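# Remarks on the overall topology
Residues per chain are reported as follows:
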Amino acid sequence: MNREIAQIFENIADMLQLKGENIHRYLSYRRAAETIRDLPRDLRAISAEGGLTDLPNIGKTLADKINEYIETGKLEFYERLKAEIPESLLDIMRINGVGPKKAKLFWDELGITTVAELQAAAENNQLAGLKGMGSKSQQKILDGIQALSRQTGRTPLGKALPAAQAILDILLAMPQVIKGEIAGSIRRARPTIGDVDILVAVQDMSDSAPIMQTFVSMENVARILGQGETKSSVELVNGLQVDVRVLPLARWGTGLQYFTGSQAHNVKIRQIALNQGYSLNEHVLSPVDSNGDIIPDAPKLTFETEESLYEQLGLSWIPPELREDMGEIEAAQTHSLPHLITLDDIQGDLHMHTTWSDGKLSVREMAEAAYQRGCKYIVITDHSRSLGIANGLSIERLLAQQEEVRRVDAEMNGKIRVFHGTEMDINADGGLDFPDEILEQLDFVIASLHVSLRQDEEQITRRLLNAIQNPHVDLIGHPRAQQIPHREPVKADMDAIFAAAKQHNTALEINANPIRLDLEANYARRAIEMGILLAINTDAHQAEQLDLMHYGIRTARRGWVTPDMVINTWDVARFQAWITDQT
DNA sequence: GCCGTTTTCGGCCCGACTGTTTTCAGTCG
């Protein structure tokens, strides 16, 4: 429901923009769409409580529209717009270099309503003669259409971050580059990334040219989208767009703050600056008069660090993962930001696989690999019997494995503790894959959904509740079973699931594999607000995947998670006491 | 269409880059 309505509002925004409507009117639809997309609760539940207008960016008008859609499954206003403007024009606006004005121009002048028609017109040289168009613009549109067909939407963080880091490393090796950082949504650790923003600092802008030349000449550049002194853009062969910006070190703070975003965060930060008599842009803080106009001769303030910029505005420095205008600015004003979890807080990893099911390493090898990475304790959690595709363990094999785990635990001689658990399937009928008398012999029990993920909300919810309520189940693994970017989360009544997890003291996982990142940050935040415990685990199937923990930490930080709420930040004694207490 | 330390009307960010321009419009982030 939330996604549907968010998409409709997004489309309405595009259509209003195409019609040349007031910018602030269509932006309000877009902002509302973002709010809805990130909600950790179903709009129907919020609507039933009469709480829609309490949501940010939702006023009376949009609340009425949401209710209309919930009740009738349709939105009259949207239907009228669709009758007026072909929906396929929105696809044309998604072509890089084509915005609302161009789309409308092609529609008005040539009757073009689809990407295919636009491509044909460009190939027949019909666009070049239009007002404001030339042969270069026409070619750019053909390139843009090709790029569109290569793109598969947003890029997972797990792909974008390593790619960005590799580029940054090349630039950092240049003598002109004083420092550099990945900004944008990667720095904020969004699970998916639109394009990559990299910032590098130089002493003097005359150093920019060789840096940009190195950047656009990299071997994995498919084409150059733009090359200037302060900004250059390329498309990589894998379709990812990367922007590099060069800025003087003296303005690093404002630049990094600005290009980290989010847009919503920055809008509010700039408003705070204005309230204090300053106009903020990516370069400087400029004194303004009572009309908000920049005072020409007044000295401008520059900032070499983000910390000093936030401090100037009376704010605590805000960790990038929080910068979504979700309350972090208000908390920074009162210096009450949470003490977020860090990678160093993690002491154990409670979810991993071995050769007993679908992992690559033995129990002993996983223990060694985890020990080398500083882990104090791990739990071996192979798949259960019904997951045949992953070589799930029968009861007999599970019990045989326990002997091996106990032996390895003893062999490790206290360097690292090795506990025995399972990642048990929650079967399609809601039953659990092992009986209680087996579960009670295990140190730690994860229950996860792997099959029949397209059941309706009632069935999925019932399966999850059944697992949460079992006294032997300690943790629900990747609770929403999403896979980024291709598999949507299951439909489930998260209100009911959180309430049950709270009641039964069952922890919920943030799965650190960047394909999952599940729970997502907004749900993790809601969970800890309710006092539900979390665990952040790699779900490693081989040694290198133990290094994915940082993705889970970043996700948790986006969810305002503090270390005390995460059971694998506890020392081994406290963890052991907790699992013992859980029966 | 939303919102409120300028509060129920009047704001709501703006600079870089490109291509078409003889001074600017459109797009993007």
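Residues numbered from 1 in each chain as written. Chains lettered and ligands numbered in written order. Predicted model: local features only at pLDDT ≥ 70, side-chain atom pairs only at ≥ 80, totals over all residues. Heavy atoms only, no water.

Looking now at unusual backbone geometry. A cis amide bond links Gly 261 to the next residue, Ser 262, at an omega of -5 degrees. For Ser 262, the location among the structural elements is in the loop between helix H13 (252–260) and helix H14 (263–275). Residues Asp 518 and Leu 519 are joined by a peptide bond in cis, for which omega reads 5 degrees. You can see Leu 519 is positioned in the loop between strand S15 (507–511) and helix H22 (521–529). Not every positive phi belongs to a glycine, and Asn 57 is a case in point at roughly 70 degrees. Residue Asn 57 is classed as partly exposed on the basis of its relative accessible area of 40%. Of note, Asp 539 is a non-glycine position whose phi angle comes to about 60 degrees, a positive value. (Helix = DSSP H or I, 4+ residues; strand = E, 2+ residues; numbered from the N terminus. Buried < 20%, exposed > 50% of the residue type's maximum accessible area, 1.4 Å probe, protein only.)

With that settled, consider the protein's contact with DNA strand B. Close to DNA strand B lie 42 residues; Ser 28, Asn 57, Gly 59, Gly 97 and Gly 134 are nearest. When atoms of DNA strand B within 4 Å of the protein are split into backbone and base, the sugar-phosphate part holds 74%. In this structure, Gly 59 approaches DNA strand B through a main-chain N or O atom, which is 2.7 Å from a phosphate oxygen. Within the backbone of Ile 95, one N or O atom sits 3.5 Å away from a phosphate oxygen of DNA strand B. (Near = heavy atom within 4 Å. Polar contact = N/O pair within 3.5 Å; in protein donor to acceptor, adjacent residues only side chain to side chain.)

Note on placement: Arg 516 falls in the loop between S15 and H22. Here Arg 516 occupies a buried position and makes no salt bridge, while the nearest side chain of opposite charge, Asp 539, is found at 4.2 Å. (Lys, Arg positive; Asp, Glu negative; His and termini not counted. Salt bridge = Lys/Arg side-chain N within 4 Å of Asp/Glu carboxyl O.)

In strand S16 (residues 534–537), alternate side chains face the same way, and those of Leu 534 and Ile 536 on one face and Ala 535 and Asn 537 on the other are all buried. Note that S15 and S16 share four bridges and pair parallel. Pairing of Asn 511 across the sheet is with Asn 537, part of S16. Between S15 and its parallel partner S16, the chain crosses via H22, and the hand of that crossover is right-handed. (Pairing = 2+ DSSP bridges. Right-handed = clockwise from strand over helix to strand, strands pointing away.)

This next bit is on the sheet that holds strand S10 (residues 348–349). Picture the strands of a sheet paired through backbone hydrogen bonds; they go either parallel or antiparallel. Read from one edge of the open sheet, seven strands run S10-S11-S12-S13-S14-S15-S16, paired in parallel fashion. Single-partner strands in this sheet number two, and they are S10 and S16. One ladder, built from two bridges, connects strand S14 (residues 475–477) with S15; its direction is parallel. If you follow Leu 475 over to S15, its bridge partner there is Ala 507. Here helix H23 (residues 549–558) sits on the sheet in contact with S10, S15 and S16, set at roughly 145 degrees to S16. (Contact = heavy atoms within 4.5 Å. Axes fitted to C-alpha atoms, helices over the stretch in contact; angles between N-to-C directions.)

If you trace the backbone, Arg 525 turns up in helix H22. Residue classification places Arg 525 among the buried positions, given a relative accessible area of 19%. Here the alpha-carbon distance between Arg 525 and Ile 95, two residues 430 residues apart in the chain, equals 35 Å. Among residues more than four places away in sequence, those in contact with Arg 525 are Met 326, Gly 559 and Trp 560.

Take the packing of aromatic side chains next. Across all of its chains, the model carries nine aromatic pairs by this definition. Look at Tyr 29 and Phe 77: their rings are 6.1 Å apart centre to centre, the planes differ by 25 degrees, and that puts the pair in the stacked class. Remark: Phe 77 occurs in helix H5 (residues 76–84) and Tyr 29 occurs in helix H2 (residues 23–37); sequence separation between them is 48 residues. Neither residue differs from the other here; Tyr 29 and Phe 77 are each classed as buried. Taking 4.8 Å as the distance between ring centres and 20 degrees as the angle between the ring planes, the aromatic pair formed by Tyr 377 and Phe 575 counts as stacked. Within this pair, whereas Tyr 377 is found in strand S11 (residues 377–383), its partner Phe 575 is found in helix H24 (residues 572–581), the two being separated by 198 residues in sequence. Relative accessible area serves as the criterion here: at 0%, Phe 575 is assigned to the buried category. Linked through ring pairs, Tyr 377, Phe 419, Phe 444 and Phe 575 together constitute an aromatic cluster. When the ring centre of Trp 560 is taken as reference, the NZ or CZ atom of Arg 525 above it lies at 3.9 Å. If you follow Arg 574 out to its NZ or CZ, it ends over the ring of Trp 570, 4.0 Å from the centre. (Phe/Tyr/Trp six-rings, centres within 6.5 Å; stacked < 30°, edge-to-face > 60°. Lys NZ or Arg CZ within 6 Å of the ring centre and 35° of its normal.)

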